[in-house]
Amino acid sequence: MTEANARIIIDRLLRDSDWALSGDNGVVNVDTEMQNQAGFADYVLKDSSDFPLCIIEAKKELVSPLVGKEQARGYAESLNCRFVILSNGVSHYFWDIEQGSPTVIDIFPSQEQLELRKTNFNPPRQEVEEIGVDYIAQTQLPKFDQNPDYLDERKREDFLRNNKLRLLRDYQLKAVRAVQSGIAEGKDRFLLEMATGTGKTLTSSAIIKMFLRLYNVKRVLFLVDRIELESQAQKEFDEVLKNDFRTVVWKENQSDWTKAEIVVSTVQSFVSRNKYRKVFRPDHFDLVISDEAHRSLGARSRRVFEYFIGFKLGLTATPKDYLKSVDIEDVSQTDPRQLEKRLMLDTYTTFGCDSGEPTFRYSLEDGVKDGYLINPKVIDARTEITTELLSEQGYVFQGVDDDGNDFEETFTQKDFEKKFFSDNTNTIFCETFLKHGMRDPYTGEIGKTLVFCVSQNHAAKVTQILNVLADRVFPKQYSSDFAVQVTSSVQDSQRMTIDFRNNSLNGQSKTNPHYRTSKTRICVTVGMMTTGYDCTDILNICMMRPVYSPSEFIQMKGRGTRRCDFSQSWITKSEIPDHIEPQKEQFLLFDFFGNYDYFEKDFDYDEVLKLPSKPSEPTEPPVDPPNIDEVVSNAPDPLAELKEILISDQGMKIDRNLYRSFKKKVTEDAIIQDLVSQQNFDEAETYLKDKVLDKPQEFFTIDKLRKSLGLDRRLTVPELLLHVFGHIEHIPSQRECLDEEFDKLDEALKPDDAIYGSAREVFEAYAVDDDFRDIIDSRRYAELGVHPSGDAFRKLPVELKQSIPSYIKQNVNLERLENVR
């Protein structure tokens with residue numbers, strides 16, 4: 001695409017945002033090729049008073065828009081503009097040059113949005129007062145006793161409750177301060193990556209309070225992706241912020257939101273029929289928070305997010321990293337539209353964390369180490385049929401069709417409860433769980449449990465089986481309320497999730513009159529209670545389905561990682577027995593489809609993520625697939641294997657990032673610390689090979705670490721260690737290294753403008769292309785006729801033909817530039 005073609009798209013995007021170009025109806029508020037002291041600006045967008053408001057710098061498709069950044073800055077400063085848009089017709093960046101770095105956009109801001117941002121979004125950037133009014137740190141708590149036993153824990157909670165204080169843990173306070181530091185640096189987008197159960201909503205409360213009090217924020221929008229999370233968020237904000245600020249859940253045709261500082265809504269409510277544009281102005285919310293940001297910011301919902309000016313904060317436990325292991329420069333040149341899709345879907349880019357590092361990160365491993373979270377004990381249970389379904393060969397079913405003919409069909413785990421059905425298998429799942437499930441410490445009943453099924457029909461079957469079995473095991477105790485199906489097809493299912501969390505689903509258990517726990521012990525669902533569902537007293541998670549997405553597995557497992565003090569559910573405190581340990585120290589993860597094995601051993605965490613794509617239009621009428629009837633098996637299906645898997649403090653592989661694990665291990669090693677401080681990388685490399693690399697526990701290798709960092713060239717030990725210990729911010733890609741090295745050559749040899757491009761091409765080819773280097777060093781110049789860089793070499797004067805190879809040999813570390821494919 002030429003720059004002219006890019007301008008056609010830019011013109012369309014401007015008109016879509018109500019800008020008027022020459023030839024349009026209405027008052028023209030866009031000038032093209034406007035001359036200024038720095039040159040000619042491609043586009044100048046004007047405000048309602050006809051003053052320059054925003055510069056647009058256009059590039060052709062195969063050039064990254066960011067290359068025009070400094071050029072556009074010059075135009076903006078010359079015309080006294082605060083805003084810049086950089087575009088190549090495919091990728092677009094918006095840049096408020098007073099407030100931070102360019103961020104990816106997919107629609108252009110309107111004149112109203114820019115004017116409101118100019119007048120209404122000028123937060124203080126200097127140091128402001130300390131955070132945490134009405135919040136206290138762990139170290140400020142009174143010392144109740146020297147021994148931190150169970151009674152001390154109760155005294156601590158009573159102290160907090162009586163004084164109307166909420167305890168901000170150290171890491172939550174660090175998260176708030178990380179956002180505050182970002183504000184001081186001029187940033188307006190932030191991403192908190194915090195493991196499930198680490199208190200993202202409480203941390204959000206502290207951040208909201210900070211913004212409302214210190215940064216000229218008047219109203220906050222908190223976006224969730226499910227209706228049931230609206231009331232949950234409102235309740236949690238009220239618990240912490242009710243004395244200072246009002247929180248409402250926004251509903252259509254209600255004006256309550258105008259009287260509230262915090263508005264909670266689903267993204268879908270705002271997107272539906274473009275209500276966000278019809279009801280709200282761009283300056284109605286100065287801070288927009290996206291809960292579970294990895295899933296709530298799709299193509300349409302992102303427009304809601306970008307519509308409002310001001311600060312943007314993302315919360316997630318499992319961010320989508322669509323730039324993972326991708327050479328952005330290469331993608332921008334070979335398939336710029338794929339790069340655009342990656343940029344739009346990538347959680348880190350959306351929130352201004354282009355390096356792939358969030359504003360703040362607190363992992364499950366951190367939470368377990370600090371004692372705030374717990375790992376599960378995995379119960380890997382497989383029947384004879386599921387063992388074969390999970391095998392490479394699959395499960396071979398032999399039967400007789402309706403016409404009396406024998407047939408044979410092979411099924412895999414993906415077919416379970418879709419094409420292959422077996423009530424005996426589901427019954428074994430349920431019996432195994434009831435036999436081995438964790439019990440409530442005070443009633444002895446099956447502990448509160450979530451069961452994840454393949455489909456709503458599957459959930460209905462499992463619920464029925466569990467209730468039938470409960471009537472046998474616990475006669476006359478539950479009256480078919482032992483297990484409840486909680487899926488979207490069930491009436492009041494959202495209310496059920498709340499009642500289950502509040503221990504009131506179908507009433508309370510009658511087993512212990514002094515202790516409050518739900519009569520219903522099990523919620524059977526498909527996906528409703530995964531993301532954001534906070535129920536701390538869950539003791540069992542059952543995966544009666546295969547899981548293929550790592551983020552989905554983490555979310556399901558995460559429902560059980562929170563700690564819980566069951567004594568808090570006692571109604572009559574004097575009746576609490578002293579001989580029972582009430583703390584939740586573990587939960588069970590019943591895995592009936594080898595999900596743990598898959599994510600621990602088989603899943604490729606270094607694979608380049610594939611983009612979701614629209615199906616192409618068929619060129620011929622589709623051919624109907626063979627008519628394979630659904631198969632129902634009545635074969636007995638006994639349990640074939642059951643093993644308990646204890647998870648170490650390091651957690652599951654799915655919860656660990658290879659580089660982060662390596663960094664932790666290395667930074668805690670005093671010998672490596674000392675060697676790096678002395679810049680003694682030779683001995684450090686020897687020590688790493690002897691003590692750290694290729695060891696049986698972690699299997700760290702330089703190549704795996706390179707992949708984990710998304711590096712496209714050979715990784716050297718010195719730069720790895722410099723990065724680990726924070727001496728360099730990031731490890732440069734091959735392209736960055738080449739640019740850096742060529743800049744040095746340019747200063748030393750200064751090639752003329754006429755041959756500058758040829759000199760750069762020869763430099764890069766000699767540095768990274770073994771064949772080209774061998775041809776030049778061996779003086780086999782005739783072979784250059786068929787080499788892509790041969791023509792560039794011939795254009796160079798004799799002195800550069802000699803000096804460039806000589807310079808590279810003397811000054812450039814070729815190992816550092818070596819390609820890795």
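Residue numbering note: each chain is counted from 1, following its sequence as written. Thresholds applied to this predicted model are a pLDDT of at least 70 for local features of residues and 80 or more for the giving and counting of side-chain atom pairs; totals over whole chains, interfaces and linings are not thresholded and use all residues. Note that the side-chain values use all heavy atoms of the structure and ignore hydrogens as well as water.

Draft legend 1. How the structure looks around the overall build of the chain. Secondary structure counts use DSSP, requiring at least four H or I residues in a row for a helix and at least two E residues in a row for a strand, with both numbered from the N terminus. For the chain, the helix and strand inventory stands at 32 helices and 26 strands. Buried residues are those whose accessible area, probed at 1.4 Å on protein chains only, stays under 20% of the maximum for their type, while exposed residues exceed 50% and partly exposed ones sit between those limits. A buried classification covers 53% of the 821 residues belonging to the chain. Contact between two residues is taken to exist if any of their heavy atoms lie within 4.5 Å; hydrogens are not considered. Considering only residue pairs separated by 6 or more positions, the chain has 70% of its internal contacts joining residues 24 or more positions apart. Using a 1.4 Å probe, accessible areas were evaluated by the Shrake-Rupley method; residue-level cover was limited to the displayed protein chains. Approximately 38800 Å² of the chain is accessible, and the part contributed by carbon and sulfur atoms is 46%.

Draft legend 2. Fine view of the pattern of salt bridges. The rule for a salt bridge is simple: a side-chain nitrogen of Lys or Arg has to be within 4 Å of a carboxyl oxygen of Asp or Glu. Inspection of every chain in the model, using the stated rule, returns 41 salt bridges. A salt bridge links Lys187 to Glu185; its shortest N-O distance comes to 3.5 Å. The class of Lys187 is partly exposed, set by a relative accessible area of 39%. Owing to a relative accessible area of 57%, Glu185 belongs among the exposed residues under this scheme. Sharing partners across several salt bridges, the network here consists of Arg82, Asp96, Glu98, Arg117 and Asp188.

Draft legend 3. Region of the structure containing the nonpolar core. For our purposes a nonpolar core is just a set of buried Ala, Val, Leu, Ile, Met, Phe, Trp, Tyr and Cys residues, chained together by side-chain atoms within 4.5 Å. Of all hydrophobic cores here, the largest spans 41 residues; its most connected members are Leu192, Ile208, Phe211, Leu287 and Phe311. Of the residues forming this core, the biggest block, eight residues, is contributed by helix α6 (residues 200-214).

Draft legend 4. Here's a closer look at helix α29 (residues 770-777). Those residues of α29 not exposed but buried are Phe772, Arg773, Ile775 and Ile776. On an axial view of α29, the arc spanned by its buried residues comes to 160°, and they lie on one face. Exposed and oriented more than 90 degrees from the buried face of α29 are Asp770 and Asp771. On its buried face, α29 sits against α28 (756-768), α30 (790-795), α31 (798-811) and α32 (814-817). Counted as a polar contact is a pair of N or O atoms within 3.5 Å, where, for protein atoms, one must be capable of donating a hydrogen and the other of accepting one, and residues adjacent in sequence contribute only when both atoms are in side chains. The backbone nitrogen of Asp771 has a side-chain oxygen 2.9 Å away, supplied by the residue at the start of α29, namely Asp769. Among the residues trailing α29, Arg779 stands out with phi positive, at a value near 60°. The arc under discussion is defined with respect to the helix axis, by the directions toward the C-beta atoms.

Draft legend 5. Inspection of the pairing of strand β23 (residues 540-543) at higher detail. Of the two faces of β23, the one lined by Asn540 and Cys542 and the one lined by Ile541 and Met543 are each fully buried. Pairing analysis gives four bridges linking strand β20 (residues 449-452) to β23, with the strands arranged parallel. Its bridge partner lying in β23, Phe452 is registered against Met543. Each pair of strands is called paired provided DSSP finds at least two bridges between the two strands. Of the pairings in the sheet, the one linking β23 to strand β24 (residues 587-591) comprises four bridges and is parallel in character.

Draft legend 6. Representation of the confidence of the model for the chain. In the predicted model, the chain carries a mean pLDDT of 83, and the fraction of residues at 70 or more is 85%. pLDDT runs from 0 to 100 and stands for how confident the predictor is about each residue. Across residues 132-141, where pLDDT falls below 50, the model places 31 contacts with residues more than four positions away in sequence or in other chains. Every residue in residues 144-151 is under pLDDT 50, and counting partners more than four places away or in other chains gives 13 contacts.

Draft legend 7. Region of the structure containing empty space enclosed by the protein. Here a cavity means grid points, on a 1 Å grid over the protein atoms only, where a 1.4 Å probe fits yet cannot get out; a pocket means an open set of points with protein on both sides within 12 Å along at least five of seven lines; lining residues are those with an atom within 4 Å of a point. Grid points are joined across faces, edges and corners, and a volume is the space filled by probe spheres set on the points. Within the structure shown, the criterion is met by two cavities of 30 Å³ or more. Around the second largest cavity sit Asn120, Phe121, Asn122, Pro123, Tyr215, Asn216, Val217, Asp286 and Phe311, which together line it. Gly counts as polar in this scheme, as do all residues outside two lists: the nonpolar Ala, Val, Leu, Ile, Met, Phe, Trp, Tyr, Cys and Pro, and the charged Asp, Glu, Lys and Arg. The residue inventory of the lining of the second largest cavity, partitioned by class, reads five nonpolar, three polar and one charged.

Draft legend 8. Spatial organisation of the packing of helix α23 (residues 670-677) against helix α24 (residues 681-691). Every axis corresponds to a line fitted to the C-alpha atoms, with the helix fit spanning only the stretch in contact, and the corresponding angles, defined between N-to-C directions, vary from 0 to 180 degrees. The N-to-C vectors of α23 and α24 enclose an angle of 160°; their axes lie 9 Å apart at closest approach. With respect to α24, the element α23 is oriented roughly antiparallel. Our pair here, α23 against α24, has a crossing hand that is left-handed. Of α24, the residues touching α23 (which contributes Ile671, Ile672 and Leu675) are Glu683, Ala684, Tyr687 and Leu688. Residue composition of the contact of α23 with α24, by class: six nonpolar, no polar and one charged. Should an angle fall under 35 degrees it is taken as roughly parallel, and over 145 as roughly antiparallel, whereas 65 to 115 is taken as roughly perpendicular and any remaining angle as oblique. Crossing handedness is read from the near helix: turned anticlockwise from the far helix by less than a right angle, it gives a left-handed crossing, and turned clockwise, a right-handed one.

Draft legend 9. Main features of the sheet that holds strand β9 (residues 189-194). Across the sheet, seven strands lie side by side as β11-β12-β10-β13-β14-β9-β15; this open sheet has parallel pairing. Both edges of this open sheet fall to β11 (247-249) and β15 (360-362), since each of them pairs with a single strand only. Between one strand and the next, the sheet's axes are offset by a mean angle of 15°, whatever the strand orientation. Bridge analysis of β9 against β15 gives three bridges, and the strand direction is parallel. By the bridge assignment, Met194 is partnered in β15 with Tyr362. Contacts between helix α5 (residues 170-184) and the sheet are confined to β9, β14 (311-316) and β15, with β9 contributing the most and set at about 160° to the helix.

Draft legend 10. Representation of the sheet that holds strand β6 (residues 103-105). If you trace the six strands from one edge of the open sheet to the other, you get β1-β2-β3-β4-β5-β6, paired in mixed fashion. At either end of the open sheet lies a strand with only one pairing partner, and these are β1 (30-36) and β6. Each strand axis lies, on average, 35° off the axis of its neighbour in the sheet, ignoring direction. With three bridges joining them, strand β5 (residues 92-96) and β6 adopt antiparallel strand pairing. Counterpart to His92 in the pairing with β6 is Ile105. The strands touched by helix α1 (residues 3-16) are β1, β2 (39-46), β3 (52-58), β4 (83-87) and β5; relative to β2, the strand with the most contacts, the crossing angle is about 15°. Packed onto the sheet, helix α2 (residues 69-79) meets β1, β2, β3, β4 and β5 and runs at close to 155° relative to β3.

Draft legend 11. View of the state of the cysteines. Counting rule for disulfides: a pair of cysteine sulfur atoms within 2.5 Å. Summed over all chains, the structure comprises zero disulfides. Between Cys535, a cysteine without a disulfide, and Cys523, which holds the nearest cysteine sulfur, the sulfur-to-sulfur distance is 8.0 Å. The thiol of Cys564 is not disulfide-bonded; the next cysteine sulfur, from Cys535, is found 8.3 Å away.

Draft legend 12. Local environment of the environment of Ser363. Within the secondary structure, Ser363 sits in the loop between β15 and α15 (364-369). Distance from Ser363 to Thr196, taken between C-alpha atoms, is 8.6 Å for residues 167 residues apart in sequence.

Draft legend 13. Broad picture of the packing of aromatic side chains. Working definition: rings of Phe, Tyr and Trp (its six-membered ring) pair if their centres are within 6.5 Å, and the pair is stacked with planes under 30 degrees apart, edge-to-face with planes over 60 apart, and tilted otherwise. The final tally for this structure, using the stated rule, is 41 aromatic pairs. Each member of the aromatic cluster is reached from another via a ring pair, and the members are Trp250, Trp257, Phe270, Tyr276, Phe280, Phe285, Tyr307 and Phe308. The ring of Phe500 carries Lys448 above its face, with NZ or CZ at 4.7 Å from the centroid. Positioned above the aromatic ring of Tyr766, the side-chain terminus of Arg773 is 5.9 Å from the ring centre. A ring is considered to have a charge above it if a Lys NZ or an Arg CZ atom is located within 6 Å of its centre and within 35 degrees of its normal.

Draft legend 14. Representation of the packing of helix α7 (residues 227-241) against helix α19 (residues 493-501) in the model. With their axes 8 Å apart at the nearest point, α7 and α19 run at an angle of 40° to one another. Classified by the angle between their axes, α7 and α19 sit oblique to one another. Where α7 crosses over α19, the two elements pack in a sense that is right-handed. Contacts from Ile227, Glu228, Ser231 and Gln232 of α7 reach α19 at Gln494, Thr497, Ile498 and Arg501.

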